[in-house]
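# Results of the structural survey
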Amino acid sequence: MKTETKDRLRAILGEANFSDQLIDLVSYSSDASEHLHRPDAAAWPTSAEQVQAVVRLANEEGFPVTARGAGTGLSGLSVPSRGGLVLDLGRMDRILDISIGDRVAVVQPGVVYADLAKALEPHGYMFPPDPASGKACTLGGNVGTNAGGVKGAKYGTTRDYVLGLTVVLGDGRLLRVGNRAMKSVSGFDLTRLFVGSEGVLGIVTEIILKISPQPLATATTLAIFDDLEDAGRAVSGVMASGVIPSVLEIMGRETLRAINQNTDLALPEVDAMLLAETDGCTQGEADYQMERVVEQFRAHNPREVKRAESAAQAAGLWKARKSCYPVLARLRPNFMLEDITVPMSQVAPMLRGIQDIAARHRVQIATFGHAGDGNLHPQILYDAADPAEKERVEAAIHDLFALAVELGGTLTGEHGIGLSKAPYMDLEHNPVAMELMRSIKKVCDPNNILNPGKMGLDG
Amino acid sequence: MNSAALQALRQAAGPDYFSQDAGDRLIYAGDGTCFRYPPEAVVRARGPEQISRVMAACGKYHVPVVPRGAGSGLTGGALPVAGGVLLDMAGLNRIKAIRKRDQVAVAEPGVVTGELQAAAEAQGLFYPPDPASAAFCTLGGNVAENAGGMRAVKYGVTRDYVLGLRAVLPDGRLLKTGGANIKSVVGYDLTRLLVGSEGTLAVIYEIILRLLPLPEDRATINAFYADLDKAARAVEGLLASGIRPVACEFMDGYCLKAVESYAKLGLPPAAAMILVDLDGPPEVVRRQSGQVETILQQAGGEPVRVAGDRAEAEGLWRARRAMGPAVYQHGPGKLNEDVAVPLGSLAEMVRRAHLVGEKRGLVIPVFGHAGDGNLHINVMHDPAYPEQVSQAHQAVSDLFAHCLSLGGTLSGEHGVGTTKLGFVGAEMDPVGLELMRGIKKVFDPAGILNPHKKLPPPEVLP
């Protein structure tokens with residue numbers, strides 16, 4: 001990046017909101033994936049106007065702009081793989097409005113998920129998706145990836161809560177789509193086109209979110225199974241029972257072992273553990289639904305089914321579940337976290353297939369995930385310094401994707417394509433769909449300024 | 001259309017699926033609006049290959065194509081306003097699969113919504129979207145319009161159930177989006193871009209829908225209010241309780257009066273009625289209906305009735321279901337609007353609609369889906385009096401202005417079609433419109449698919 005360009009960026013953003021210092025460039029060269037690439041400069045815009053001016057300059061000078069939330073993405077979404085400018089939206093972190101009457105919250109993209117949760121709590125409201133990274137990730141990132149979480153089976157994903165957006169397009173124009181109404185069909189659904197578009201179509205500068213009343217009561221149960229397929233069938237049974245649990249999570253043997261090594265929960269190291277939560281307006285309602293879930297657990301040969309006796313006990317179980325990713329990450333020098341989703345009937349075959357693939361390629365794969373919506377997270381643990389192991393890991397990942405697609409599934413349920421899965425896009429999309437997506441990208445970002453190289457759409 | 005084009009179309013469609021018969025052209029000239037535009041030819045869809053051939057022929061001769069489901073749309077989406085070919089999708093009416101363990105249905109676009117609901121129910125499953133026209137509208141039309149309905153408060157709209165689509169692009173190529181997965185973030189959300197695009201981007205020939213387990217039990221409660229504010233407070237209290245009602249319907253005093261005079265149900269005189277439906281396991285429904293009764297009473301409901309069984313529930317629903325025909329008690333002509341406003345502005349929008357009525361010398365009954373802020377505003381008038389017609393059209397402009405000033409939207413579920421084209425520019429950001437035109441061009445560079453719908457041409461922008 002030329003010195004004059006940097007000077008112009010400083011003029012747009014102010015000295016304090018721009019840096020080309022090595023320490024910042026190194027910080028912004030990675031996210032939570034294995035990808036690395038250093039940007040030429042980093043900026044912290046504080047308004048939509050600044051974002052517009054930066055994007056206009058980028059068009060003039062031809063440098064890439066990669067928007068970034070908290071950098072918790074797992075597919076390399078915010079790694080500036082072609083250099084240029086990283087735009088960290090973390091300083092646009094104001095909650096602009098919470099309207100209980102309208103049931104909406106209006107926020108800037110840099111608001112941390114947990115901070116919105118905290119602000120909604122006194123009103124008895126929530127923004128349900130609840131991604132595991134909620135303490136750190138930002139709402140702009142949630143929109144960019146269409147983030148899901150443990151509550152997906154009952155409450156859906158980020159997409160289901162985004163009512164409107166303000167977006168800076170790839171040519172610097174400002175776009176407002178959607179509104180505060182719960183339903184609208186007055187144009188093409190641009191709002192949902194931007195949700196999950198990984199920052200390649202526009203940079204979101206304001207978000208109108210639908211919020212929901214918090215359930216007043218919950219019940220939590222865990223069930224352990226010696227046989228993986230029994231657990232898979234129990235999941236199908238629960239989902240067909242007429243009760244929709246607010247959470248239904250699965251953890252496999254390797255995951256349980258890792259949790260035990262890092263906590264004092266002393267979980268049994270069996271083939272699979274299921275963790276379910278039901279919720280409602282009264283304890284009776286939550287309990288009644290949980291009884292129905294437990295019936296299904298009992299019908300599929302569990303070794304043990306255990307209700308959480310207290311809120312503290314339930315909290316311990318949730319802590320265990322949310323710790324899966326970090327505790328597993330510590331087991332070996334490197335890991336890849338996958339995010340396969342399969343149709344509901346295929347959860348058990350997919351789990352079995354993951355075990356077979358691990359054995360066949362002699363790699364260590366720990367699995368956990370959101371069984372209630374078919375979204376599984378096989379985490380592959382390895383040592384990147386060992387070229388032979390790395391090769392086996394790549395072969396295993398290829399087989400995982402192929403199996404998922406063969407079972408009618410999809411490569412990623414909530415983490416996104418980014419760089420990690422870009423080579424696999426055409427496993428799922430025919431050339432017609434790929435061409436349409438490329439053309440839509442051109443409509444929004446004619447000069448390919450925004451987050452280039454992502455999603456496999458620009459060659 | 002010249003004879004070469006007609007010849008090519010007949011061949012592309014297959015002679016048995018092609019008609020220029022005056023009777024057919026007349027039948028397909030109209031939809032749920034009062035407008036009539038006879039097409040030049042009618043093609044009955046047979047399958048993707050045939051549709052693809054028809055689209056290619058139409059592209060070659062620059063002939064407009066308008067896909068049509070049951071023609072129950074209320075904004076002119078299925079009207080062949082530029083002539084050309086009317087593509088009747090109703091013959092593609094197979095339910096190809098109901099996969100119980102995946103909770104997924106695969107259906108052709110001509111399947112009647114009510115038939116899919118029944119087929120799902122027979123397997124203990126549930127297709128929640130329930131537009132008022134479910135007995136005759138088609139799934140293809142529902143997808144094209146992103147149809148809503150009575151159960152949207154708890155279950156959402158058609159968009160929330162479409163997992164994947166198979167479609168023919170205007171140049172004849174086949175497009176596949178999505179699959180049978182509840183979650184997927186692979187690429188842009190083309191599926192939901194097609195949902196609600198009113199047949200302007202692609203011709204859908206197969207739909208993958210999410211199903212849910214069939215709720216075991218239901219409950220229905222209604223309440224009458226002496227003034228609007230109390231009714232609004234009831235809705236507010238209900239939504240804030242954490243209970244997710246299936247339906248939360250609203251009718252104003254004009255509606256109640258019309259229904260009473262039409263159907264003689266013995267309704268008490270009131271300024272508003274709220275009707276609530278709940279579903280779930282019996283135990284849950286029992287607890288919740290007690291809570292709802294209390295909430296409706298505390299807001300000043302008098303009387304509040306809880307249906308003791310299904311027959312009584314049907315009785316409570318009768319007033320709401322009679323609304324369609326009953327509204328004509330207030331006049332032989334109706335301009336039917338479909339605005340949605342933020343939940344906190346519901347009562348204000350109703351009040352303003354009534355004021356517009358007073359100002360224009362017309363009766364404007366309002367009913368609708370209070371739980372999601374979607375109001376059906378009916379501007380009643382007598383088309384025999386030109387002055388009333390002109391006042392009615394001005395009233396619609398007034399109503400849209402009020403709706404937009406409250407942060408609302410012109411259409412919650414009926415779509416833009418042709419009838420709202422002139423108003424879209426007032427709601428939509430100009431950049432958004434440009435983007436939508438750009439997307440339309442990506443899908444349909446020649447502009448042959450359902451032209452002059454959904455997006456106003458640049459020259460009519462205010």
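Everything numeric here is computed off the predicted structure, so don't read it as measured data. (Residues numbered from 1 in each chain as written. Chains lettered and ligands numbered in written order. Predicted model: local features only at pLDDT ≥ 70, side-chain atom pairs only at ≥ 80, totals over all residues. Heavy atoms only, no water.)

From N to C terminus, chain A includes 16 helices and 19 strands. Since a compact globule built from 459 residues should have a radius of gyration of about 23 Å, the 22 Å found for chain A is in line with a globular shape. Principal-axis analysis of the C-alpha atoms gives chain A an extent of 70 × 60 × 45 Å. Taking all 459 residues of chain A together, 63% fall into the buried category. Partitioning the intrachain contacts of chain A with sequence separation of at least 6 by distance along the chain shows that 72% fall at a separation of at least 24. (Helix = DSSP H or I, 4+ residues; strand = E, 2+ residues; numbered from the N terminus. Rg over C-alpha atoms; globule rule 2.2 N^0.38 Å. Buried < 20%, exposed > 50% of the residue type's maximum accessible area, 1.4 Å probe, protein only. Contact = heavy atoms within 4.5 Å.)

With that settled, consider the overall build of chain B. When helices and strands are tallied, chain B shows 16 helices and 18 strands. Against the compact-globule benchmark of 23 Å for 462 residues, chain B has a radius of gyration of 23 Å, which places it among compact chains. Each principal axis of the C-alpha atoms in chain B carries an extent, and together these give about 70 × 60 × 40 Å. Counting all 462 residues of chain B, 62% fall into the buried class. Nonlocal contacts in chain B, meaning residues at least 24 apart in sequence, comprise 71% of its contacts between residues at least 6 apart. Roughly 16,300 Å² of accessible area belongs to chain B as shown, and the carbon and sulfur atoms make up 52% of that amount. In chain B, which carries 46 positive and 48 negative side-chain charges, the distance between the mean positions of the two groups comes to 5 Å. (Areas by Shrake-Rupley, 256 points an atom, 1.4 Å probe, with all protein chains shown as cover. Lys, Arg positive; Asp, Glu negative; His and termini not counted. Charge placed at Lys NZ, Arg CZ, Asp CG, Glu CD.)

Residue and element names in this part refer to chain B. Here chain B is partitioned into domain 1 (3-88), domain 2 (95-213) and domain 3 (217-324). A straight line from the C-alpha centre of domain 2 to that of domain 3 covers 29 Å. Of the residues lining the interface, 7 residues belong to domain 2; the matching set on domain 3 comes to 10 residues. Roughly 710 Å² is buried in total at the junction of domain 2 and domain 3, and carbon and sulfur atoms are behind 57% of that figure. Across the domain 2-domain 3 interface, the total number found is 1 salt bridge. One salt bridge connects Lys-154 with Asp-279, and the closest N-O pair in it is separated by 2.7 Å. Scanning the region where domain 2 abuts domain 3 turns up 3 residue pairs in polar contact (both at pLDDT 80 or more). (Domains from an automatic or database assignment. Buried area = accessible area lost by both parts, 1.4 Å probe. Salt bridge = Lys/Arg side-chain N within 4 Å of Asp/Glu carboxyl O. Polar contact = N/O pair within 3.5 Å; in protein donor to acceptor, adjacent residues only side chain to side chain.)

Moving on to the packing of aromatic side chains. Inspection of every chain in the model, using the stated rule, returns 9 aromatic pairs over all chains. A ring pair is formed by Phe-225 of chain A and Phe-297 of chain A, whose centres lie 6.3 Å apart and whose planes are at 80°; its orientation type is edge-to-face. With Phe-225 of chain A in strand β12 (residues 217-225) and Phe-297 of chain A in helix α10 (residues 283-298), this pair connects stretches of sequence that are 72 residues apart. Assessed through its relative accessible area of 0%, Phe-297 of chain A is described here as buried. Here Phe-400 of chain B and Phe-423 of chain B contribute two aromatic rings whose centre-to-centre distance is 4.5 Å and whose plane-to-plane angle is 70°, an arrangement assigned as edge-to-face. One end of the pair, Phe-400 of chain B, is in helix α14 (residues 386-405); the other, Phe-423 of chain B, is in helix α15 (residues 421-427), with 23 residues separating them in the sequence. (Phe/Tyr/Trp six-rings, centres within 6.5 Å; stacked < 30°, edge-to-face > 60°.)

Here we take up the interface of chain A and chain B. Listed by partner, the interface residues are 90 residues for chain A and 86 residues for chain B. When the buried area of chain A at its contact with chain B is split by residue, Lys-183, Val-185 and Phe-188 of chain A rank highest and sum to 14% of it. Taken together, chain A and chain B are joined by 9 salt bridges. The residue Arg-173 of chain A makes a salt bridge to Glu-434 of chain B at a minimum N-O spacing of 2.5 Å. If you look at where chain A meets chain B, you find 29 residue pairs in polar contact (both at pLDDT 80 or more). Residue assignment for the side of chain A that touches chain B shows that the elements contributing at least two residues are α6 (152-155), β9 (174-178), α7 (190-194), α8 (228-239), α10, α15 (425-428) and α16 (431-444) of chain A. The dominant element in the side of chain A that touches chain B, judged by the number of residues it contributes, is α16 of chain A, at 10 residues. Looking at the side of chain A that touches chain B residue by residue, the class counts come to 37 nonpolar, 34 polar and 19 charged. (Nonpolar A, V, L, I, M, F, W, Y, C, P; charged D, E, K, R; others polar.)

Our next topic: the side chain of Ser-241 of chain B. The topology assignment puts Ser-241 of chain B in the loop between α8 (228-240) and β13 (247-252). A distance of 2.6 Å separates the side chain of Ser-241 of chain B from the backbone oxygen of Leu-238 of chain B, its partner in a polar contact. Side-chain polar atoms of Ser-241 of chain B contact the backbone nitrogen of Ile-243 of chain B, separated by 3.1 Å. Once residues lying within four places of it in the same chain are set aside, the contact partners of Ser-241 of chain B are Leu-216 and Cys-281 of chain A together with Ile-295 of chain B.

For any two helices packed against each other, one specifies the crossing angle of their axes together with the interaxial distance. Close contact between α16 of chain A and helix α16 (residues 430-443) of chain B brings their axes to 9 Å; oriented N to C, the two are set at 150°. Taken together, α16 of chain A and α16 of chain B sit at an angle that is classed as roughly antiparallel. Crossing of α16 of chain A over α16 of chain B shows right-handed handedness. Contacts from Leu-436, Ser-439, Ile-440, Val-443 and Cys-444 of chain A in α16 of chain A reach Leu-435, Gly-438, Ile-439, Val-442 and Phe-443 of chain B in α16 of chain B. For the contact of α16 of chain A with α16 of chain B, the residue count by class is 8 nonpolar, 2 polar and no charged. (Axes fitted to C-alpha atoms, helices over the stretch in contact; angles between N-to-C directions. Parallel < 35°, antiparallel > 145°, perpendicular 65-115°, else oblique. Left-handed = near helix turned anticlockwise from the far one by under 90°.)

On to the sheet that holds strand β4 (residues 85-88) of chain B. All names here are of chain B. With mixed pairing, 4 strands are arranged side by side in an open sheet as β1-β2-β4-β3. With one partner strand each, in any of the chains shown, β1 (18-19) and β3 (65-68) form the two edges of the open sheet. Across the face of the sheet, helix α3 (residues 48-61) comes into contact with β2 (41-44), β3 and β4 while running at roughly 155° to β2. (Pairing = 2+ DSSP bridges.)

So, on to helix α11 (residues 310-321) of chain B. Count 3.6 residues to each turn of an α-helix, and residues three or four apart come out pointing the same way. All names here are of chain B. An ideal rise of 1.5 Å per residue puts 16 Å on 12 residues; α11 measures up with 15 Å between its terminal C-alpha atoms. Within α11 the residues assigned to the buried category are Ala-313, Leu-316, Trp-317, Ala-319 and Arg-320. The buried residues of α11 occupy an angular sector of 140° when the element is viewed end-on, so they sit on one face. (Expected span 1.5 Å × (residues − 1). Arc of directions from axis to C-beta.)

Residue and element names in this part refer to chain A. Taken as a whole, chain A is organised into domain 1 (92-213) and domain 2 (217-406). Using C-alpha coordinates to define each centre, domain 1 is positioned 28 Å away from domain 2. Listed as interface residues are 8 residues of domain 1 and, on the opposing side, 13 residues of domain 2. Carbon and sulfur atoms make up 56% of the area that domain 1 and domain 2 hide from each other, which totals about 900 Å². Among the residues of domain 1 in contact with domain 2, Val-150, Ala-153 and Lys-154 are the three that bury the most area, contributing 60% of the side total. Joining domain 1 to domain 2, the criterion identifies 2 salt bridges. Here domain 1 and domain 2 share 3 residue pairs in polar contact (both at pLDDT 80 or more) between them. Looking at the side of domain 1 that touches domain 2 residue by residue, the class counts come to 3 nonpolar, 2 polar and 3 charged.

Core analysis: the biggest nonpolar cluster contains 138 residues, and Phe-194, Phe-297 and Met-350 of chain A together with Phe-443 of chain B have the highest contact counts within it. If we ignore the near neighbours within four places in the chain, the residues touching Phe-297 of chain A are Thr-221, Ala-223, Phe-225, Ala-234, Val-238, Leu-248, Leu-274, Ala-276, Pro-302 and Val-305 of chain A. One finds Cys-281 of chain A together with Ala-353, Val-396 and Leu-406 of chain B within the second-largest nonpolar core, a separate group that totals 53 residues. (Core = buried A, V, L, I, M, F, W, Y, C linked by side-chain atoms within 4.5 Å.)

Okay, α16 of chain B next. Residue and element names in this part refer to chain B. The end-to-end C-alpha distance of α16 is 20 Å, a good match for the 20 Å that 14 residues give at a rise of 1.5 Å each. Of all 14 residues in α16, 11 are buried, a share of seventy percent or more. Here α16 has its buried residues at Val-431, Gly-432, Leu-433, Leu-435, Met-436, Arg-437, Gly-438, Ile-439, Lys-440, Val-442 and Phe-443. One side-chain oxygen of the residue at the start of α16 lies 2.9 Å from the amide nitrogen of Val-431, identifying that residue as Asp-429.

Counted by the stated rule, this structure contains 57 salt bridges over all chains. Between Lys-183 of chain A and Asp-372 of chain B there is a salt bridge, with its nearest N and O atoms 3.4 Å apart. Here the residue Lys-183 of chain A occupies a position in the loop between β9 and α7, and Asp-372 of chain B occupies one in the loop between β17 (366-369) and β18 (374-381), the pair thus bridging two chains. Across this residue pair, the class does not change: Lys-183 of chain A and Asp-372 of chain B are buried. Glu-206 of chain B is paired through a salt bridge with Lys-96 of chain B; the nearest N and O atoms lie 2.9 Å apart. Remark: Lys-96 of chain B occurs in strand β5 (residues 95-99) and Glu-206 of chain B occurs in strand β10 (residues 203-210); sequence separation between them is 110 residues. What you see here is one network of salt bridges that share partners, running through Lys-6, Asp-7, Arg-10, Glu-15 and Asp-20 of chain A.

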